[in-house]
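# Observations on the three-dimensional arrangement
What follows is each chain in one-letter form.
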Amino acid sequence: MRCRSPRSSDPSSTFMDLKFYLTQRAADVDAALDGFLPKAKERPATIHAAMRYCVFSGGKRLRPVLCLAAAEACGGEISSALAPACAVELMHTYSLVHDDLPAMDDDDLRRGRPTCHKVYGEGMAVLCGDALLTESFIVLAKTMPTKRYGARDFISELAETGGSRKLIGGQVMDLEGEGKKLTKRDLIRIHEAKTAALLTSSMRLGAMTANASPAKLEALSMFGHALGLAFQVIDDILDVTQSTEVLGKTAGKDQAAEKSTYPAILGLAASRKEATRLTRAAMAALEPLGNKATRLEEIANHLLQRKY
Ligand code: GRG
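None of the values given here were measured: they were computed from a predicted structure.

As a further point, take the overall build of the chain. Summing up its helical and strand segments, the chain has 15 helices and two strands in all. Referenced to the eigenvectors of the C-alpha coordinate spread, the extents of the chain come out at roughly 50 × 45 × 35 Å. Here the chain, with 308 residues, has 51% of them falling under the buried criterion. Considering only contacts in the chain between residues 6 or more positions apart, those separated by 24 or more positions represent 74%. Approximately 14,100 Å² of the chain is accessible, and the part contributed by carbon and sulfur atoms is 54%. Between the averaged position of the 41 positive side-chain charges in the chain and that of its 37 negative side-chain charges there is a distance of 4 Å.

With that out of the way, let us pick up the packing of aromatic side chains. Tallied over the full model, the rule gives one aromatic pair. Pairing Tyr 53 with Tyr 120 gives two aromatic rings, centres 5.8 Å apart and planes at 70°, and the pair type is edge-to-face. Note that Tyr 53 is positioned in helix α2 (residues 45–55) and Tyr 120 in helix α5 (residues 116–120), a separation of 67 residues in sequence. The ring of Phe 231 is capped by Arg 306, whose NZ or CZ atom sits 3.9 Å from the centre of that ring.

Now for the site of the ligand. Taken together, 18 residues are adjacent to the ligand, and Lys 60, Arg 63, His 92, Asp 99 and Arg 111 come closest. One of the side-chain N or O atoms of Lys 60 is found 2.6 Å from an oxygen atom in the ligand. A distance of 2.7 Å separates an oxygen atom of the ligand from a polar atom in the side chain of Arg 111. The fraction of the free accessible surface of the ligand (710 Å²) that becomes covered by protein chains is 93%.

Its twelve residues place the ends of helix α3 (residues 62–73) 16 Å apart at the C-alpha level, agreeing with the 16 Å of an ideal helix rising 1.5 Å per residue. α3 sits mainly inside the fold: eleven of its twelve residues count as buried. Within two residues after α3, Gly 75 carries a phi angle of roughly 80°, on the positive side.

A volume near 1,200 Å³ is recorded for the largest pocket. Taken together, 48 residues make up the lining of the largest pocket; nearest its centre are Leu 96, Asp 99, Arg 110, Asp 235 and Lys 249. Every element with two or more residues in the lining of the largest pocket is listed here: α3, α4 (78–99), α8 (167–177), α9 (184–209), α10 (214–241) and α12 (253–256). Counting residues per element, the lining of the largest pocket draws most heavily on α4, at seven residues. The class makeup of the residues in the lining of the largest pocket is 15 nonpolar, 13 polar and 20 charged. Approximately 430 Å³ is the volume found for the second largest pocket. Lining the second largest pocket we find 15 residues, and of these Leu 22, Lys 60, His 302, Leu 303 and Tyr 308 sit closest to its centre. Within the residue set of the lining of the second largest pocket, elements represented by two or more residues are α1 (11–36), α3 and α15 (294–305). Per-element accounting of the lining of the second largest pocket gives the leading share, five residues, to α1. Across the lining of the second largest pocket, the residue classes break down as eight nonpolar, two polar and five charged.

Before going further, it helps to spend a moment on the pattern of salt bridges. In this structure the tally under the stated criterion is 18 salt bridges. As a salt-bridge pair, Arg 25 and Glu 72 come within 3.2 Å of each other at their nearest N and O atoms. Of this pair, Arg 25 sits in helix α1 while Glu 72 is found in helix α3, placing the two residues 47 residues apart along the sequence. Note that Arg 61 is salt-bridged to Asp 30, the shortest N-O span being 2.7 Å. Note that Arg 61 is positioned in the loop between α2 and α3 and Asp 30 in helix α1, a separation of 31 residues in sequence. Salt bridges sharing common partners tie together Asp 30, Arg 61, Glu 89 and Arg 111.

Criteria and thresholds
Residues numbered from 1 in each chain as written. Predicted model: local features only at pLDDT ≥ 70, side-chain atom pairs only at ≥ 80, totals over all residues. Heavy atoms only, no water. Helix = DSSP H or I, 4+ residues; strand = E, 2+ residues; numbered from the N terminus. Buried < 20%, exposed > 50% of the residue type's maximum accessible area, 1.4 Å probe, protein only. Contact = heavy atoms within 4.5 Å. Areas by Shrake-Rupley, 256 points an atom, 1.4 Å probe, with all protein chains shown as cover. Lys, Arg positive; Asp, Glu negative; His and termini not counted. Charge placed at Lys NZ, Arg CZ, Asp CG, Glu CD. Phe/Tyr/Trp six-rings, centres within 6.5 Å; stacked < 30°, edge-to-face > 60°. Lys NZ or Arg CZ within 6 Å of the ring centre and 35° of its normal. Near = heavy atom within 4 Å. Polar contact = N/O pair within 3.5 Å; in protein donor to acceptor, adjacent residues only side chain to side chain. Expected span 1.5 Å × (residues − 1). 1 Å grid on protein atoms, 1.4 Å probe; cavity = no way out; pocket = protein on both sides within 12 Å on 5 of 7 lines; lining within 4 Å. Points joined across faces, edges and corners; volume = space filled by probe spheres on them. Nonpolar A, V, L, I, M, F, W, Y, C, P; charged D, E, K, R; others polar. Salt bridge = Lys/Arg side-chain N within 4 Å of Asp/Glu carboxyl O.

Here it is as structure tokens:
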């Protein structure tokens, strides 16, 4: 497969374009989420305020933006992809709320603010995660079917990703791996389930709203998988190279918990090479989409360079 490099004629203006694009799409997602979620004062108000506290807390909105960009890359409309885009962000936010609980990763800080259980208490944080997960399917159910993809396809796509074979399975493997020396293969399995699966589904759901052909859907799945793995390698690198202030979450946690991570297993230099290799593989997967994939290439390159 040919490896495409990102546009290079004017790197600074390309970056500005992308920055504008990311800001605009994140704003589209925020507005849609605001419309979908129960109002903060709706009874019982505590749970709705907690859900909004967690959702509107300054996340990067990477998954929903990828969902919208995938729809665009397949010739679709952003408006048709907003429901699944919000659904993946809601599922992502639920996973963060539960991951931060004392029984899991036990973290006090998320997106630069106190975690849900620190503000609302543990019981409410469990319920908040549950409500966000349920809400993700309420919102996903608003997606309009296309010729190729019906409601069942959209629902099973996200449900399988959230289930015990992917997201939850990844968390189980992660919990059981703490304090143990994992192999690179074990680590890839965890990353595939915890991180790459939801990024892949974000791509697939967006493409499905654009009635993407099976070939394009497959190309975007391969892109999402490689990009998801690259994203997690970079996340592991940032955990040991950045400060808590920059990350908005507690830095150095992986090391403290004796977690097997890419830097721990391969070292920093080899981890950076691996992130670059995976990003290139993601870009190569975009070949069948031709020029329509330029934005996705830019996003992949941007994520490789990210500092938080
Ligand atoms: C089902 C409880 C449960 C967990 C599933 C997804 C997950 C496993 C746990 C969440 C925590 C975690 C370390 C996930 C790995 C993926 C990752 C790096 C998430 C952070 O994503 P960003 O950087 O976050 O996109 P923002 O805050 O920007 O949305």
